[in-house]
Amino acid sequence: MQIPTAAASGRSRLLTSGVALAALSLLLTLHAVPSAADDTPARGTASMGSGVLAHEGVHGQPAATDRTTQTEGVDVSSHQGEVAWSTLWNSGVKWAYVKATEGTYYRNPYHAQQYNGAYDVGMIRGAYHFATPDTAGGAAQADYFVDRGGAWSKDGRTLPGVLDIEYNPYGDTCYGMTHSQMVGWIRDFLDRYKARTGRNAVIYTSTNWWQQCTGDYSGFASTTPLWIARYASTVGPLPAGWTFHTMWQYTSTGPIVGDHDKFNGALDRVKALAEG
């Protein structure tokens, strides 16, 4: 019989200790407190204004407005599920935007019910794309959007598509881009959307984000309608170049669906935007 040497016994003890430490490490990992990264929402769950609410907060609501000068609208995503469009219509909502896509990886599973449901009750409707500039190019995302519910038709009831470009819910606020890179990405999206549909897309953003992430670029204002996001009693300052807004998302806590908006004009102006 071979008698173990002192060296062999030492190696055996080290091996046993190593296995025990590895097991303990695994146990601690499984029961560890989640890190901040674990709080990052799942891709596809972003919706219009979610970043604005998180970063800028709420500073009041506008007073009741005359519907001859402003027209009430809503925006929805998968978070609202199947929407009670008749109830909204009867409350005075006359137009709606529905999330169609995000990046090049997500399509709203409720898009058909929401998009067609708004139309069926008489609303003027459109679709929006939540941009993720860190996942694919602007032109590629415009194609994805147009091919999956974001196209435009000259039926008098379909609004041009919206580029929702705002705070990144999944990471760096400006998606890791410089001002010039962000402006280039937005331009690529807008140019491709125009080439595919014949319409200029609408830009949805907040002034604070636009200043921070584009350097307050003013070059899109002459051709691109602005949808401003600000949860306050007034629209506030606009991004550079725009002297007026077309739409205003003023709350995320409105009746029935949460996100409510005001079109800067009477219903005939909403129809004019749809007509092109």
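Keep in mind that this is a model prediction, so the values were computed, not measured.

What counts and what doesn't
Residues numbered from 1 in each chain as written. Predicted model: local features only at pLDDT ≥ 70, side-chain atom pairs only at ≥ 80, totals over all residues. Heavy atoms only, no water. Helix = DSSP H or I, 4+ residues; strand = E, 2+ residues; numbered from the N terminus. Buried < 20%, exposed > 50% of the residue type's maximum accessible area, 1.4 Å probe, protein only. Contact = heavy atoms within 4.5 Å. Areas by Shrake-Rupley, 256 points an atom, 1.4 Å probe, with all protein chains shown as cover. Core = buried A, V, L, I, M, F, W, Y, C linked by side-chain atoms within 4.5 Å. Salt bridge = Lys/Arg side-chain N within 4 Å of Asp/Glu carboxyl O. Disulfide = S-S within 2.5 Å. Axes fitted to C-alpha atoms, helices over the stretch in contact; angles between N-to-C directions. Nonpolar A, V, L, I, M, F, W, Y, C, P; charged D, E, K, R; others polar. Phe/Tyr/Trp six-rings, centres within 6.5 Å; stacked < 30°, edge-to-face > 60°. Lys NZ or Arg CZ within 6 Å of the ring centre and 35° of its normal.

S.K.: Please explain the overall build of the chain as it appears in this structure.
M.R.: Counting its secondary structure elements, the chain contains eight helices and nine strands. Out of the 276 residues belonging to the chain, those deemed buried represent 48%. Within the chain, counting contacts between residues at least 6 apart in sequence, those at least 24 apart form 70% of the total. Total accessible area computed for the chain in this model is approximately 12,900 Å², and 55% of it derives from carbon and sulfur atoms.

S.K.: Help me out: how do you make sense of the nonpolar core in this one?
M.R.: Among soluble globular proteins, nonpolar side chains are generally buried collectively. If you look at the biggest cluster of nonpolar residues, it comprises 66 residues, and the most contacted ones within it are Trp85, Trp95, Tyr97, Ile165, Ile186 and Trp227. Looking at this core element by element, the count peaks at seven residues for helix H6 (residues 179-197).

S.K.: Mind showing me how you'd approach the pattern of salt bridges here?
M.R.: Side chains that carry opposite charge are capable of pairing whenever their charged atoms lie near each other. All told, the structure shown has seven salt bridges when counted by the stated rule. Linking Glu102 and Lys99 is a salt bridge whose minimum nitrogen-to-oxygen distance equals 2.8 Å. Neither Glu102 nor Lys99 differs from the other in exposure class; each is buried. Of the charged contacts, one joins Arg192 and Asp143 as a salt bridge, the two residues approaching to 2.4 Å between their closest N and O atoms. Remark: Asp143 occurs in helix H5 (residues 138-150) and Arg192 occurs in helix H6; sequence separation between them is 49 residues. With relative accessibility at 31%, the residue Arg192 sits in the partly exposed group. Put simply, Asp143, Asp147, Arg192 and Arg196 are held in one network by salt bridges that share partners.

S.K.: Could you clarify how one ought to interpret the state of the cysteines in this entry?
M.R.: Put plainly, two cysteines are in a disulfide when a covalent bond ties their sulfur atoms together. All chains considered together, the criterion is met by one disulfide. The side chain of Cys174 participates in a disulfide bridge whose partner is Cys213; the two sulfur atoms lie 1.9 Å from each other. Disulfide Cys174-Cys213: torsion about the S-S bond near -75°, hence left-handed. Of this pair, Cys174 sits in the loop between strand E5 (162-164) and H6 while Cys213 sits in helix H7 (residues 207-214), and the two are 39 residues apart along the sequence.

S.K.: What is the right way to read the packing of H6 against H7 from this model?
M.R.: Packed helices, taken two at a time, are described by the angle between their axes plus the distance between the axes. Between H6 and H7, whose axes approach to 7 Å, the crossing angle comes to 115°. Here H6 contributes His179, Met182, Val183 and Ile186 to the contact with H7, which in turn contributes Trp209, Trp210, Gln211, Gln212, Cys213 and Thr214. Taken together, the residues of the contact of H6 with H7 break down into six nonpolar, four polar and no charged.

S.K.: What is the right way to look at the packing of aromatic side chains in this model?
M.R.: By convention here, two paired aromatic rings are described through the distance between centres and the angle between planes. Per the counting criterion, the structure on display carries 13 aromatic pairs. Ring centres of Trp210 and Trp242 lie 5.7 Å apart, and the angle between their planes is 75°; this geometry places the pair in the edge-to-face category. Taken together, the residues Trp210 in helix H7 and Trp242 in the loop between strand E7 (226-229) and strand E8 (247-254) connect sequence positions 32 residues apart. On the accessibility criterion, Trp210 (0% relative accessible area) is buried. The exposure class of Trp242 is buried, given its relative accessible area of 8%. Pairing Tyr217 with Phe220 gives two aromatic rings, centres 4.9 Å apart and planes at 65°, and the pair type is edge-to-face. With a relative accessible area of 26%, Tyr217 lands in the partly exposed category. The ring of Trp89 carries the charged tip of Lys94 above its face, separated from the ring centre by 3.5 Å. For Arg125, the ring lying beneath its charged end belongs to Tyr115, and the centroid distance is 3.8 Å.

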